Amino acid sequence: MLTQPSLTLNRRINATPEKVFAAWVDPEKIVRWFGPAHTIDGSVQAEMDVRVGGSFRISFKTEDGEFHQVGGTYRDVVPDQRLVFSWAWHTTPERESVVTVTLRPDGDGTLLSLNHGQFFDQAARDGHERGWMGTMDKLERFFA
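Residues numbered from 1 in each chain as written. Predicted model: local features only at pLDDT ≥ 70, side-chain atom pairs only at ≥ 80, totals over all residues. Heavy atoms only, no water.

**Comments concerning the packing of aromatic side chains**
In this description, a pair of aromatic rings is defined by centroid distance and the angle of the planes. For the structure shown, the criterion picks out 14 aromatic pairs. Where F34 meets W87, the ring centres are 6.4 Å apart and the plane angle is 45°; that geometry is what we call tilted. Here the residue F34 occupies a position in the loop between α2 (27–30) and β2 (45–48), and W87 occupies one in strand β5 (residues 82–89), the gap between them amounting to 53 residues. When its relative accessible area of 4% is taken as the criterion, F34 is described as buried. Centre to centre, the rings of F60 and W89 are 6.2 Å apart; their planes meet at 80°, and the pair counts as edge-to-face. Here the residue F60 occupies a position in strand β3 (residues 55–61), and W89 occupies one in strand β5, the gap between them amounting to 29 residues. (Phe/Tyr/Trp six-rings, centres within 6.5 Å; stacked < 30°, edge-to-face > 60°. Helix = DSSP H or I, 4+ residues; strand = E, 2+ residues; numbered from the N terminus. Buried < 20%, exposed > 50% of the residue type's maximum accessible area, 1.4 Å probe, protein only.)

In structure tokens:
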């Protein structure tokens, strides 16, 4: 059996776990920081029903003029500690993967671990790594 590619990113965010969690689950907050580095400011839209079995949809435009939309279903929600959700782009809904965001207090900040697994292939994993790196950079700046 072949193992599907995955990635893990770790960041220290300069905010409490409560504030970081809120940034992930409040549509008014997530639209202010979500998306890869080349996302057009103000283009992010989010619909979120943050509960086990609830769904989300986030869309944005990038500087190359492309429209992107991703959605999924929440599988686990532990306020201020963990979010687990499926992840599928509207252009490739059959390529569902899974994202786990874990938050741990660290002094006056938060240690955030993002694991994205069950990628279709290595190319998908590598593309998502670039996207998540830019997204995490923006989350850090959101709390700077």
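Don't stop here, the text continues.
**Remarks on the layout of surface pockets**
Estimates place the volume of the largest pocket at around 580 Å³. In this structure, the largest pocket is lined by 29 residues; those nearest its centre are H68, W87, W89, G127 and H128. Residue assignment for the lining of the largest pocket shows that the elements contributing at least two residues are β4 (67–78), β5 and α3 (122–142). No other element matches α3, which puts 8 residues into the lining of the largest pocket. (1 Å grid on protein atoms, 1.4 Å probe; cavity = no way out; pocket = protein on both sides within 12 Å on 5 of 7 lines; lining within 4 Å. Points joined across faces, edges and corners; volume = space filled by probe spheres on them.)

**Digging into the sheet that holds β4**
Taking strand neighbours across the sheet as the criterion, the 7 strands line up as β1-β7-β6-β5-β4-β3-β2 in an open arrangement whose pairing is antiparallel. The sheet is open, and its two borders are formed by β1 (7–13) and β2, each paired with just one other strand. The sheet shows a mean angle of 20° between the axes of neighbouring strands, direction not considered. Relative to β4, β3 runs antiparallel, the two being bridged by 7 bridges. The residue of β4 that forms the bridge with I58 is V70. Sitting on the sheet, α3 is in contact with β1, β5, β6 (97–106) and β7 (109–117), with an inclination near 5° to β1. (Pairing = 2+ DSSP bridges. Axes fitted to C-alpha atoms, helices over the stretch in contact; angles between N-to-C directions. Contact = heavy atoms within 4.5 Å.)

**A few points about the pattern of salt bridges**
Going through the model one piece at a time under the given rule, you end up with 11 salt bridges. The closest approach of N and O atoms between R82 and D76, which form a salt bridge, is 2.7 Å. Salt bridges linked by common partners bring R11, D137 and E140 together as one network. (Salt bridge = Lys/Arg side-chain N within 4 Å of Asp/Glu carboxyl O.)

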